[in-house]
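Chain by chain, the residues:
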Amino acid sequence: MKEIIQDILKKTDAEYAEIHLEDTTNSRITYTGPDLEDCSENVSFGGNVRVLHKGAWGFTTFNSLDEIESKLDIAFGHAKNVGDRRNEPFKLADVPVVDIEIPLDVKTNPGDVSLQKKIEIMRGYNQLARDFDERITTTSTRYFDRKTKLTYANSEGTVIVRDAVDLGFAISAIVRIDAGTFFAYTTRGSTDDFSVVLNLDDEVRKIAADSIAIADAESVNGGQYTVILDPMLAGVFIHEAFGHLSEGDNVYEDPNLQKVMVLGRDFGGKHLNVADSGLEKGNRGYLPYDDEGVATEKTHLIREGKLVGRLHSRETAAKMGEKATGNARAISFKFPPIPRMRTTMIETGDVPFEDMVKNTKKGLYCISSRGGQTNGELFTFTAADAFMIRDGKIAERVRDVTLTGNVFETLKNIDMIGNDYFVEDGPGGCGKRGQMPLPTSEGSPHIRIQNVIVGGK
Amino acid sequence: MSMDNILNKAKAGADSAEVFSERVKSSSVSFENSVIKDSNTTDLGGTSLRVIKNGKIGFSSSSKPNDDSIVDYALDVAKEGKEVKFSFAESTDTKAFDIDTTDFDNLTEEIIIDTCEKVVNELKTVHDGALAECEIKKIIAESRIVNSSGLDLSQKVKTIIWECGLDYKSESNFLSVDDFRIGDQYTGFDKLVQKVKEDFAICQNTVNIEPGKYKVMFSPRGIMYLINVFLSCLNGFAVAKGISPWSDKIGETLFDERISIRSNLTGEDAPVRMAFDSEGTPTGVTDFINKGVLESFYHSLDSAVQTNQKPTGHGFKSGFAALPMSSGYGFEFTPGETELDDMMKEADIWVDDIIGAMMSNPYSGIVSGNPAMSFTMKSGAKTAQIKDAMLSINVFDLFKTGIVAVSKDVQQLGMPPFFPIFKAPYILVDGVSIAAK
């Protein structure tokens, strides 16, 4: 196959061209309440062609190998239509040409586990949550895995053939009361180990108990709070608040933003270190090579409070005179790669969690996340669970906690970083420019932030 | 292997079968730093199969052309599948709408690029250093469904999305103003460009407001962030599973009598026109909330049988590889009787955009987020952009007791797949909580 693609690429007159092929088989299992709503096996096969001409990209997709040559012509036509107007010189960051095959390297391959066994495991968790308490109205349990053969080649001679697996799991216990419907959940995800979804009975019981307690809790009063974020929520915070802002396309396309995101600028205290890494094996953000054939790395974004790097594709790196970091990613062959995160993390500090709580007179302890969103300057995220902190102690549970703030002020308002660390993985992912969900991971210790605005009654 | 051959092979191993195929073609261009940057076309499709054997359902899909392996996959998973009580749709005389694609076809790559360049050049004149952007995306989806009951339906749906905006980032403010339209008819940029220019000018002034309760005007775009509450709670699947808090409230007055919501998939001016859903069930007009009273839910074949209701033609697939699920297509709020200008005079705040609203739990009725594109109002005019605030609205409560007025004007919007195309008026609500510094 790779020889066929290489031959086709040799025929193009384009300055630069690349071809992706993707052959994926996925399994899905979804229980809602007692019912196995979805149990399916699905095949996704296709590819894309991307061509660069005079500073402009042309992109097209295909489902059949017979179409590659004609699609290359179409993509070149698109690039010429735009490029002849744009008329910019060729600019992609230099990267080594590689020719590599990466076989599957996993601890436990989900492909070795029968569909029947997976159903049995999911049914067990689902039943455990349903049986926990009569107040549990229903449950939602979903699992997927997929095995993919990715083939990438470009006109510079790089060819990468990689086998990969990915899996995700989530279970929610749902309680309906007069005030509405509330839930608690837990997730798992991995790119190398099916066993992450095993032996979760205690966790399932915990989320079942939490769902009842959340439904019984009062809504939080809106206002400005000192907040302690647990590692999962802190990970989502740094992903939303700073990760997206560090994506090279957002910066290089905008001369005004370049004036704000100047390397060396202070964004936080000396205790703040933020990085994005493709090297964390097993995480869903693990990525040996990105979708432009660039080897990934651990890229520091903030070191001791100062901006030191950003996340680049080859194009954004070249245009900003920086190094390609292996962050060009697409959710599938249906989309062109753009700068995206991998495992984004706040590095460990030195404050024990107990000290954070003890030193907080009135605040909120926010646990896990139902997701977040940013527009660059502002961020918002919603805690899955939360407790008031009163006089240095964790007090009553509250619900409906959504936090917002200005990215730059909030990073400077992080006054404590914990000495612990946890990476969250689940079945969801990140969204950008219509591409969702992209598998990413988020890691952090507990952190404390001053003056966060919280919505509420 | 053709769809018919897949159906025949599946019928040989199952009690009943349904084959669905879809081909989606789209094209778009985008800008970088106010200069045209790329041009994309995608052409993707595939086939999926549902089988019912011994009362259990199996599903499989493939994007490989003529891939009959889906038959074996589907029959295999049916052994473990869910027990179902519904049957695949019966053959019907329903005909797909004739879709005139002339305007769609006329939007050639050259015309799209020329149009976008003109819009960008006009917007660039507003502010020195601001980045202008413009995008036109056109999508055409062609589907066919055949099943063992003799059903054989084909349908074509076209969608055009056009949007433009201005960005200006500085140390103190990341200003981003945009607007968009979506529908099956392209009606041009004139109004959009004008609105973006006006909002951008107002956003030169920013203001921090006091925390408190406010009279808030939700524009149709602002309503988009609240509509998830209705989409979720009216979903027949959520009702069947006991998730919807409205499951046992048919006939109850849940909202102000000025709130009426229906689905319209067949009217001349429907938000989106589809004669049947992805299961082959004919669509139509369905009232969900009539003058504040809950009347019905929207259903797929499966959710209908689980709740002893009739399917409403809302069993849609989010792509050929997805199972059909009850989906809130064609939502329309009934327009009110108040002039927009009169409502604006009463409003304290105007909300177009709420960051993070989609993370709210729709079944609690509470929508919280940062009203990133919102304005203070004075004497019926927008005066300044609101900064550093958090809006929280309990839709269950305030759409019952806090409605001040509903506009005569309606607008069609949507952001598929997150928000199916819908029509909504402007709605003025009193008592919306805003937290701020």
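Note that the coordinates shown come from a computational prediction; the quantities given were computed from them, not determined experimentally.

**Some points on the overall build of chain B**
Of the regular secondary structure elements, chain B holds eleven helices and 20 strands. For 437 residues, the compact-globule formula gives about 22 Å, and the C-alpha radius of gyration of chain B, at 23 Å, lands near that figure. Seen along its three principal axes, the alpha-carbon backbone of chain B occupies a region of about 70 × 55 × 35 Å. Across the 437 residues of chain B, 54% fall into the buried class.

**Considerations on the overall build of chain A**
Counting its secondary structure elements, chain A contains ten helices and 25 strands. Against the compact-globule benchmark of 23 Å for 457 residues, chain A has a radius of gyration of 23 Å, which places it among compact chains. Each of the three principal axes of chain A carries a C-alpha extent, and together these read 70 × 55 × 35 Å. Across the 457 residues of chain A, 57% fall into the buried class. The long-range fraction of contacts in chain A, counting pairs at least 24 apart against all pairs at least 6 apart in sequence, stands at 74%.

**Observations regarding unusual backbone geometry**
Backbone torsion omega between A:M436 and A:P437 reads 5°, so that peptide bond is classified as cis. Among the secondary structure elements, A:P437 is positioned in strand β23 (residues 435-438). Look at B:N66: it is not a glycine, yet its phi comes out positive at around 55°. Its place among the elements puts B:N66 in the loop between β3 (56-62) and α2 (69-78). Phi is positive for B:S379, close to 50°, though the residue is something other than glycine. Note that B:S379 resides in the loop between β16 (366-378) and β17 (381-387). Accessibility expressed as a C-beta count within 10 Å gives 7 for B:S379, which makes it exposed.

**Topic: helix α4 (residues 201-216) of chain A**
Residue and element names in this part refer to chain A. The first and last C-alpha atoms of α4 sit 23 Å apart over 16 residues, in line with the 22 Å expected at 1.5 Å per residue. Three or more residues of α4 are buried, namely V204, I207, A208, D210, S211, I214 and A215. Taken around the axis of α4, the buried residues stretch over an arc of 165°, which confines them to a single face. In α4, the exposed positions that point more than 90 degrees away from the buried face belong to D201 and D202.

**Description of the environment of A:F169**
All names here are of chain A. Relative to the elements of secondary structure, F169 occurs in strand β6 (residues 159-177). Take F169: there are 26 C-beta atoms within 10 Å of it, and that puts it in the buried class. In sequence terms F169 and D425 are 256 residues apart; their C-alpha atoms lie 9.1 Å from each other. The residues touching F169, leaving out its near neighbours within four places in the chain, are Y143, T187, R188, V197 and P427.

**What about the interface of chain B and chain A?**
Every contact between the two is made by 66 residues of chain B and, on the other side, 69 residues of chain A. In terms of residues, the side of chain B that touches chain A owes the most to one element, strand β2 (residues 35-53) of chain B, which gives eleven residues. Of the residues contributing to the side of chain B that touches chain A, the split by class is 25 nonpolar, 26 polar and 15 charged. Inspection of the sheet shows strand β2 (residues 35-53) of chain A paired to β3(B) by four bridges, in the parallel sense.

**Topic: the packing of helix α1 (residues 3-13) of chain B against α2(B)**
All names here are of chain B. One way to put it is that α1 packs onto α2 with a least axis distance of 9 Å and a crossing angle of 30°. On the basis of their axis angle, the class for α1 and α2 is roughly parallel. Two packed elements cross with a definite hand, and for α1 against α2 that hand is right-handed. Judged by residue contacts, I6, K9, A10 and G13 of α1 engage I70, V71, A74 and L75 from α2. Per-class residue counts for the contact of α1 with α2 are six nonpolar, one polar and one charged.

**Digging into the domain arrangement of chain A**
Residue and element names in this part refer to chain A. Taken domain by domain, chain A consists of domain 1 (2-216) and domain 2 (219-455). Between the C-alpha centres of domain 1 and domain 2 the distance comes to 22 Å. Of the residues lining the interface, 38 residues belong to domain 1; the matching set on domain 2 comes to 29 residues. The set of elements that each furnish at least two residues to the side of domain 1 that touches domain 2 consists of β1 (16-32), β2, β3 (56-62), β5 (138-154), β6, β7 (180-190) and α4. Ranked by the residues each element gives to the side of domain 1 that touches domain 2, the list is headed by β7, at seven residues.

**Describing the nonpolar core**
Counting residues in hydrophobic clusters, the biggest one holds 242 residues, and the most contacted among them are A:L233, A:C366, A:A386, A:V454, B:A74, B:M217 and B:I349. The greatest single-element share of this core, amounting to ten residues, is contributed by strand β20 (residues 419-436) of chain B. Among all residues touching B:M217, those that are not within four sequence positions of it are B:M343, B:M344, B:A347, B:I349, B:W350, B:V351, B:Y426 and B:L428.

**Considerations on the pairing of strand β15 (residues 349-355) of chain B**
Residue and element names in this part refer to chain B. Counting buried positions along β15 yields seven of seven residues, so the element is predominantly enclosed. Both strand β8 (residues 212-218) and β15 contribute to a ladder of three bridges, which runs parallel. The residue bridging V216 from the neighbouring strand is I349, located in β15.

**Observations regarding the sheet that holds strand β11 (residues 298-303) of chain A**
Residue and element names in this part refer to chain A. Overall, mixed pairing links the six strands, which are arranged β12-β11-β10-β15-β24-β21 in an open sheet. Strand pairing shows two members of the sheet lacking a second neighbour, β12 (306-307) and β21 (422-424), which therefore form its edges. The pairing of β21 with strand β24 (residues 441-444) spans three bridges and is antiparallel. Looking across to β24, one finds that V423 is bridged to G443. Here helix α5 (residues 231-243) sits on the sheet in contact with β10 (274-277), β11, β15 (343-346), β21 and β24, set at roughly 115° to β24.

**Looking at the packing of helix α3 (residues 115-131) of chain A against α4(A)**
When two helices pack together, their arrangement is given by the angle between the helix axes and by the axis-to-axis distance. Residues and elements named next belong to chain A. The interhelical angle for the contact between α3 and α4, taken along N-to-C directions, is 35°, at an axis separation of 9 Å. The handedness of the crossing between α3 and α4 comes out as right-handed. Contacts between α3 and α4 pair Y125, L128 and A129 from the former with D201, V204, R205 and A208 from the latter.

**Remarks on the environment of B:G45**
With respect to the element layout, B:G45 can be found in strand β2. Classification of B:G45 by C-beta neighbours within 10 Å gives partly exposed; the count is 18. Along the primary structure B:G45 and B:P65 are separated by 20 residues, whereas in three dimensions their C-alpha atoms are 8.6 Å apart. Excluding residues that lie within four positions of it along the chain, B:G45 makes contacts with A:N63, B:S21, B:E22, B:R23, B:V24, B:S63 and B:F320.

The rules we used
- Residues numbered from 1 in each chain as written.
- Chains lettered and ligands numbered in written order.
- Predicted model: local features only at pLDDT ≥ 70, side-chain atom pairs only at ≥ 80, totals over all residues.
- Helix = DSSP H or I, 4+ residues; strand = E, 2+ residues; numbered from the N terminus.
- Rg over C-alpha atoms; globule rule 2.2 N^0.38 Å.
- Buried ≥ 20, exposed ≤ 12 C-beta atoms within 10 Å, placed from the backbone.
- Contact = placed C-beta atoms within 7 Å.
- Expected span 1.5 Å × (residues − 1).
- Arc of directions from axis to C-beta.
- Nonpolar A, V, L, I, M, F, W, Y, C, P; charged D, E, K, R; others polar.
- Pairing = 2+ DSSP bridges.
- Axes fitted to C-alpha atoms, helices over the stretch in contact; angles between N-to-C directions.
- Parallel < 35°, antiparallel > 145°, perpendicular 65-115°, else oblique.
- Left-handed = near helix turned anticlockwise from the far one by under 90°.
- Domains from an automatic or database assignment.
- Core = buried A, V, L, I, M, F, W, Y, C linked by C-beta atoms within 7 Å.

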